[in-house]
Amino acid sequence: MDDASGEPRRLRKRPFAWASDSSGHSEERSSSSSEQEQADDTCDRWEDQQTVEIHTQVSEAVEYFQLREQSMNDHGAPTKMGAGPRGERVVVRRQERLQALRGRRPLMLREIAKQLRGRGFVRLVDFLGPSVGSNLLEGFAQLSWQPGRLGDAQSSDQSRSLRGDEIAWPSLSEAGRFGEALQRWMQALDELVADLRLHLNRPDELLRVERREPPMASCYPQHARYIRHYDNNCDEGLGDCNGRRLTAVYYLNKGMSHSDGGHLRILGQRGIYDLLPDFDTLTLFWADRRTPHEVMPNLSERKRLALSCWYVDVTEAPDAPAFPMRLESQSTGRGVTCEVTKTHDLASQQRQREDVKQKI
Ligand SMILES: O=C(O)CCC(=O)C(=O)O
Ligand SMILES: [Fe+2]
């Protein structure tokens, strides 16, 4: 893929360059912001030589399949990083930094952009407040659910053991409190992404992201998991390119603790992070090959509930079933009403998408 400057295609950033100590744990080093930026620059440096490119791609593939094997053999093993003090401390520190910038939106946006660019994900707590979250939660009871499916697999016992969630597509035109809450959520998310476009304006970031898929609700019963995968398995225009650039997942699980499992495990460029899917928390991460991730088994009897949306670069996938997002940034916004999409027939398009979604 050529970049905006018209430079020739070069090697994609290595997706698996996280630092790991000999125990297999990864740790974020505390670093000054200039060191941090230097590290980011290093990540952005490209290799030019063809041989290096081929070698790197082969070892990435091998590494990825080893990771997948590891994921499939985990069988609900307790999480290593998030449950332990180190990984959690890092995630919490980042969150606190963001919290401190609340009410100062321009600074908050810069911090969100920095975290996304630097480690591939960002976690925002107290995204909408308890009443919107509770109305969403209430509405989940009225959705019609169906099994989530892996790319090529039928809904067999084996595929359910790899991906055990149930999914549904709530309509933004739902009546009552649920519909209102959905629209509030969608609007807040669209505004956030629109604002972030100003900070994340590279071609492989949000530059060409103007659309999003219909939101998807997910429900993981006890023991359900989702093995390691990418949400968009596109490699420089090759492979299964669905245009997804940014994944947003908003969680609805009250009173969760690490012993409940169900973490979102992100294999980021700087480490492995287990993120607790707790109530009113939003996680954003790159949907493409920069972010292998998985949902760890839900060890609790309570269902793990979330609402997701994928933001799409249609230049990568012109036929993607995606719709215009609200593009006005909140800072300059004039209160344009959130576009309401009937998800009726979108559900069948979405199902087709789920069928072809490449799972590793
Ligand atoms: O619910 C989550 O934390 C992530 C789910 C996921 O990876 C997906 O639906 O593709
Ligand atoms: Fe995913």
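In the nomenclature of an unreviewed UniProt entry, the protein chain corresponds to Fe2OG dioxygenase domain-containing protein from the organism Durusdinium trenchii. Listed under Cofactor (unreviewed entry) in UniProt, the entry text for the protein chain is "L-ascorbate".

(A) The coordination of the iron ion (ligand 2), seen in detail. Donor atoms from the polypeptide that bind the iron ion (ligand 2) are His229 (NE2), Asp231 (OD) and His293 (NE2), placed at 2.1 Å. If you list the donors of the iron ion (ligand 2) from N- to C-terminus, the spacing comes out as H-x1-D-x61-H. The class of Asp231 is buried, set by a relative accessible area of 2%.

(B) View of helix H5 (residues 130-140). Within the span of H5, buried status applies to Val132, Gly133, Asn135, Leu136, Gly139 and Phe140. Along H5, the residues classed as buried sweep out an arc of 160 degrees about the axis, all on the same side. Exposed and facing more than 90 degrees away from the buried side of H5 are Pro130 and Ser131. Contacts made by the buried residues of H5 are with helix H7 (176-197), strand E5 (216-220), strand E9 (244-251) and strand E14 (304-313).

(C) Examining unusual backbone geometry more closely. Phi angles above zero are rare outside glycine, and Asp126 is one such case at about 50 degrees. By secondary structure assignment, the location of Asp126 is in the loop between strand E1 (121-124) and H5.

(D) Region of the structure containing the nonpolar core. One finds Leu136, Trp185, Leu189 and Leu284 to be the most contacted residues of the largest nonpolar core, which totals 45 residues. Listing elements by their share of this core, those giving two or more residues are helix H4 (105-119), E1, H5, H7, E5, E9, strand E12 (281-286) and E14. The element contributing the most residues to this core is H7, with ten residues. Of all hydrophobic cores here, the second largest spans eleven residues; its members include Val90, Tyr251, Leu264 and Leu275.

(E) Expanded view of the environment of Pro318. Note that Pro318 resides in the loop between E14 and strand E15 (323-324). For Pro318 and Asn242, which are 76 residues apart along the polypeptide, the C-alpha to C-alpha distance reads 8.8 Å.

(F) View of the sheet that holds strand E10 (residues 264-268). Spatial strand order, E6-E13-E10-E11: four strands in an open sheet with antiparallel pairing. Both edges of this open sheet fall to strand E6 (226-229) and strand E11 (271-275), since each of them pairs with a single strand only. Taken pair by pair, the neighbouring strands of this sheet meet at an average axis angle of 10 degrees, ignoring direction. By the bridge criterion, two bridges tie E6 to strand E13 (residues 293-295) in an arrangement that is antiparallel. Its bridge partner being in E13, His229 is matched across the sheet by His293.

(G) Fine view of the pairing of E12. When you tally the buried positions in E12, you get six out of six residues, the bulk of the element. Residue alternation in E12 divides its side chains into two sets, Thr281, Thr283 and Phe285 and Leu282, Leu284 and Trp286, and both sets are buried. Strand direction decides the pairing type here: E1 and E12, joined by four bridges, are antiparallel. Paired with Phe121 across the strands is Phe285, a residue of E12.

(H) Local environment of the packing of aromatic side chains. Tallied over the full model, the rule gives three aromatic pairs. Between Arg244 and the ring centre of Trp310, over which it is positioned, the NZ or CZ distance is 3.8 Å. Note that Lys254 overlies the ring of Phe279, its terminal NZ or CZ placed 4.8 Å from the centroid.

(I) Focus on the site of ligand 1. Near ligand 1 there are 13 residues, and of these His229, Asp231, Tyr251, His293 and Arg304 occur at the shortest range. Residue Asp231 places a side-chain N or O atom 3.1 Å away from an oxygen atom belonging to ligand 1. Computed on the free molecule, ligand 1 has an accessible area of 290 Å², of which 99% lies beneath the protein chains in the complex.

Here is what the cut-offs are and how they apply
- Residues numbered from 1 in each chain as written.
- Chains lettered and ligands numbered in written order.
- Predicted model: local features only at pLDDT ≥ 70, side-chain atom pairs only at ≥ 80, totals over all residues.
- Heavy atoms only, no water.
- UniProt positions renumbered as here; feature names shortened; annotations may be inferred.
- Donors = N, O, S within 2.8 Å, 3.2 Å for Na, K, Ca; no water.
- Buried < 20%, exposed > 50% of the residue type's maximum accessible area, 1.4 Å probe, protein only.
- Helix = DSSP H or I, 4+ residues; strand = E, 2+ residues; numbered from the N terminus.
- Arc of directions from axis to C-beta.
- Contact = heavy atoms within 4.5 Å.
- Core = buried A, V, L, I, M, F, W, Y, C linked by side-chain atoms within 4.5 Å.
- Pairing = 2+ DSSP bridges.
- Axes fitted to C-alpha atoms, helices over the stretch in contact; angles between N-to-C directions.
- Phe/Tyr/Trp six-rings, centres within 6.5 Å; stacked < 30°, edge-to-face > 60°.
- Lys NZ or Arg CZ within 6 Å of the ring centre and 35° of its normal.
- Near = heavy atom within 4 Å.
- Polar contact = N/O pair within 3.5 Å; in protein donor to acceptor, adjacent residues only side chain to side chain.
- Areas by Shrake-Rupley, 256 points an atom, 1.4 Å probe, with all protein chains shown as cover.

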